[in-house]
Amino acid sequence: MTTPDGGDDLEAATQRVRELGEQVALQAKQNGLAWVEAYEQMLENFLDLEEQAAKSSGAEWATTLATAHANFVRDTSEAFLKTVRQQLGS
């Protein structure tokens, strides 16, 4: 009694699964990059608003504090988001 060779079917199915996995990974990277860009824009808008609010208060100490905070957040988030972009780009 002989059994039909299912090797070709198995190989084709394996290839389809591999291609689907690659498509999923590519879409996940694209979605991740879109999220990073949206987050960065939202953060920048928030920091700009913080600085504008402090300037409009008329208190020099508030402006100085808000600017220092905004610069700190920009610098640290820039380093973090750059690393995330590099990871998603590879």
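Residues numbered from 1 in each chain as written. Predicted model: local features only at pLDDT ≥ 70, side-chain atom pairs only at ≥ 80, totals over all residues. Heavy atoms only, no water.

1. Concerning the pattern of salt bridges
Pairing between side chains becomes possible if they bear opposite charge and their charged atoms approach one another.
(1) Moving on: Using the criterion set out here, one finds four salt bridges in the structure.
(2) Moving on: A salt bridge links Glu-40 to Arg-85; the shortest N-O distance between them is 2.4 Å. With Glu-40 in helix 1 (residues 7-57) and Arg-85 in helix 2 (residues 60-89), this residue pair connects regions lying 45 residues apart in the sequence.
(3) Moving on: Accessibility expressed as a relative area gives 32% for Glu-40, which makes it partly exposed.
(4) Moving on: Of the charged contacts in the structure, one is a salt bridge between Asp-48 and Arg-74, with a shortest N-O distance of 2.9 Å. In this pair, Asp-48 is assigned in helix 1 and Arg-74 in helix 2, connecting sequence segments 26 residues apart.
(5) Moving on: The network of salt bridges with shared partners includes Glu-44, Asp-48, Glu-51 and Arg-74. (Salt bridge = Lys/Arg side-chain N within 4 Å of Asp/Glu carboxyl O. Helix = DSSP H or I, 4+ residues; strand = E, 2+ residues; numbered from the N terminus. Buried < 20%, exposed > 50% of the residue type's maximum accessible area, 1.4 Å probe, protein only.)

2. Points about helix 2
(1) Moving on: Spanning 30 residues, helix 2 covers 42 Å between terminal C-alpha atoms, matching the ideal 44 Å at 1.5 Å per step.
(2) Moving on: The inward-facing, buried residues of helix 2 contact helix 1. (Expected span 1.5 Å × (residues − 1). Contact = heavy atoms within 4.5 Å.)

3. What about a nonpolar patch on the surface?
(1) Moving on: A surface patch of nonpolar side chains, amounting to about 450 Å² of accessible area, comprises Trp-35, Tyr-39, Met-42 and Phe-46.
(2) Moving on: Assignment of secondary structure puts Phe-46 in helix 1. (Patch = residues over 30% accessible without salt bridge, like charges linked within 9 Å, V, L, I, M, F, W, Y side chains within 5 Å. Areas by Shrake-Rupley, 256 points an atom, 1.4 Å probe, with all protein chains shown as cover.)

4. A few points about the packing of aromatic side chains
(1) Moving on: Taken as a whole and judged by the stated rule, the model has one aromatic pair.
(2) Moving on: Here Trp-35 and Tyr-39 contribute two aromatic rings whose centre-to-centre distance is 5.3 Å and whose plane-to-plane angle is 10°, an arrangement assigned as stacked. In this pair, Trp-35 and Tyr-39 both sit in helix 1, four residues apart, roughly one turn of the helix.
(3) Moving on: On the basis of relative accessible area, Trp-35 is assigned to the exposed category, the value being 53%.
(4) Moving on: Assessed through its relative accessible area of 30%, Tyr-39 is described here as partly exposed. (Phe/Tyr/Trp six-rings, centres within 6.5 Å; stacked < 30°, edge-to-face > 60°.)

5. Comments concerning the environment of Gln-52
(1) Moving on: As for its placement among the helices and strands, Gln-52 is situated in helix 1.
(2) Moving on: Distance in space between the C-alpha atoms of Gln-52 and Thr-67 is 9.4 Å, their sequence separation being 15 residues.

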